[in-house]
Amino acid sequence: MSKSIRRVEEAARAASLQIEIERMPDSTRTASEAAEACACSVAQIVKSMVFEGASTGRLKLLLISGKHDVDLDKAKVLFGEELIRADPKRVRSETGFAIGGVSPLGHLSEIETWMDTELLAHDTVWAAAGAPNAVFSVAPEGLLTATAAKMLDLSG
C-alpha cells in the first residue's frame, strides 16, 4: 500500500470515520470514470479540486459534486478573491497527492476546505483515496465533519 493511501486511512481513523479503501482495476481520475467504477451517479462523486487564491496565494480545496463545475468568474464573489488552478507540483508538495488522486483527507499541510452542498443530498459519496485508482465511500455529513469544510452552494 502506498504512503499516500496509508495517510488517508490514518486521517480517517483520526477523524473517527470508518472507511474502506478500494483499489479499482481502472482509473477513477475523472468523475465519469469514478462513477462507472463505483456504480453510482456522477453527482455522488467528490471531485477534490485544488485552487490558489490570486491575491493571497493560499490553497483552497474544493470538494465538488461530480455534476458541478467551478465557475472561476464567480469565484471572487464566493471566495473574496479570484481563484486560479494550483500548479500540480505545488498540489503534490503541499497535499502529498498527485492530481487525479487528491483525497479530501490526509494532506501533508492544512488546507482551507469547502464542500459543495449538493453532496449532502446523497446517503453516500465516493472520494479519491490518494491514488488515481483508489476510492472510498462515506456519508457526506461525516466527510463534512472530518474535513472541517465550509459549505459552498454551486447550484445557482
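Before going into details, it helps to say that this report is about the structure given with it. The structure presented is a predicted model; accordingly, all values stated were derived computationally and were not measured.

### Here's the deal with the packing of aromatic side chains
Then step 1. For the structure shown, the criterion picks out one aromatic pair.
Then step 2. Note on Phe79 and Trp114: the rings are 5.0 Å apart at their centroids and 85 degrees apart in plane angle, and the pair reads as edge-to-face. A residue pair is termed long-range when its members are at least 10 positions apart, and Phe79 in helix α3 (residues 75–79) and Trp114 in strand β5 (residues 112–116) qualify at 35 residues.
Then step 3. Residue Phe79 is classed as buried on the basis of its relative accessible area of 13%.
Then step 4. Exposure remark for Trp114: the relative accessible area of 12% places this residue in the buried category.
Then step 5. Sitting above the plane of the Phe97 ring, Arg7 keeps its charged end 4.7 Å from the centroid.

### Focus on the pattern of salt bridges
Then step 1. Applying the stated criterion to the full structure yields eight salt bridges.
Then step 2. Among the ionic pairs, Lys60 bridges to Glu81, the shortest N-O distance being 3.3 Å. With Lys60 in strand β3 (residues 59–65) and Glu81 in the loop between α3 and β4 (83–85), this pair connects stretches of sequence that are 21 residues apart. Here Lys60 matches Glu81 in class, with each residue buried.
Then step 3. Residue Lys67 pairs with Glu118 through a salt bridge whose shortest N-O separation is 3.5 Å. Of the two residues, Lys67 is situated in the loop between β3 and α3 and Glu118 in the loop between β5 and β6 (125–128); the sequence distance between them amounts to 51 residues.

### Looking at the pairing of strand β2 (residues 45–53)
Then step 1. With nine of nine residues buried, β2 lies mostly within the body of the structure.
Then step 2. Side chains Ile45, Lys47, Met49, Phe51 and Gly53 of β2 all project onto a buried face; the interleaved residues Val46, Ser48, Val50 and Glu52 project onto the opposite face, where all are buried too.
Then step 3. Bridge count between β2 and β6: two bridges; the pairing is parallel. Each residue of the ladder has a partner; that of Val46, found in β6, is Ala127.
Then step 4. Pairing between β2 and β3: seven bridges, direction antiparallel.

### Observations regarding the environment of Leu143
Then step 1. Residue placement: Leu143 occurs in helix α5 (residues 140–147).
Then step 2. Judged by its relative accessible area of 0%, Leu143 falls in the buried class.
Then step 3. Residues Leu143 and Ala127, spaced 16 residues apart in sequence, show a C-alpha to C-alpha distance of 9.5 Å.
Then step 4. Other than its neighbours up to four places away in sequence, Leu143 contacts Leu17, Val46, Pro104, Leu105, Val125 and Val138.

### Quick notes on the side chain of Ser65
Then step 1. Within the fold, Ser65 resides in strand β3.
Then step 2. If we ignore the near neighbours within four places in the chain, the residues touching Ser65 are Val42, Ala43, Ile45, Lys47, Asp116, Glu118 and Leu119.

### A short note on helix α2 (residues 31–38)
Then step 1. If you check which residues of α2 are buried, you get Ala31, Ala34, Ala35 and Cys38. Summarising the axial view, the buried residues of α2 lie within an arc of 100 degrees, below the 170-degree limit, and thus occupy one face.
Then step 2. Where α2 is buried, its residues contact β2, β6 and β7 (134–138).
Then step 3. Directly after α2, the chain includes Ala39, whose backbone phi takes a positive value near 55 degrees.

### Structural notes on the nonpolar core
Then step 1. Grouped together as the largest cluster of nonpolar side chains are 27 residues, with contacts concentrated most on Ile21, Val46, Val50 and Phe136.
Then step 2. Where this core is concerned, the elements lending two or more residues are α1 (3–14), β2, β3, β6 and β7.
Then step 3. Discounting chain neighbours no more than four positions away, the residues touching Val46 are Leu63, Ile64, Pro104, Leu119, Val125, Trp126, Ala127 and Leu143.

Parameters at a glance
Residues numbered from 1 in each chain as written. Predicted model: local features only at pLDDT ≥ 70, side-chain atom pairs only at ≥ 80, totals over all residues. Heavy atoms only, no water. Phe/Tyr/Trp six-rings, centres within 6.5 Å; stacked < 30°, edge-to-face > 60°. Helix = DSSP H or I, 4+ residues; strand = E, 2+ residues; numbered from the N terminus. Buried < 20%, exposed > 50% of the residue type's maximum accessible area, 1.4 Å probe, protein only. Lys NZ or Arg CZ within 6 Å of the ring centre and 35° of its normal. Salt bridge = Lys/Arg side-chain N within 4 Å of Asp/Glu carboxyl O. Pairing = 2+ DSSP bridges. Contact = heavy atoms within 4.5 Å. Arc of directions from axis to C-beta. Core = buried A, V, L, I, M, F, W, Y, C linked by side-chain atoms within 4.5 Å.

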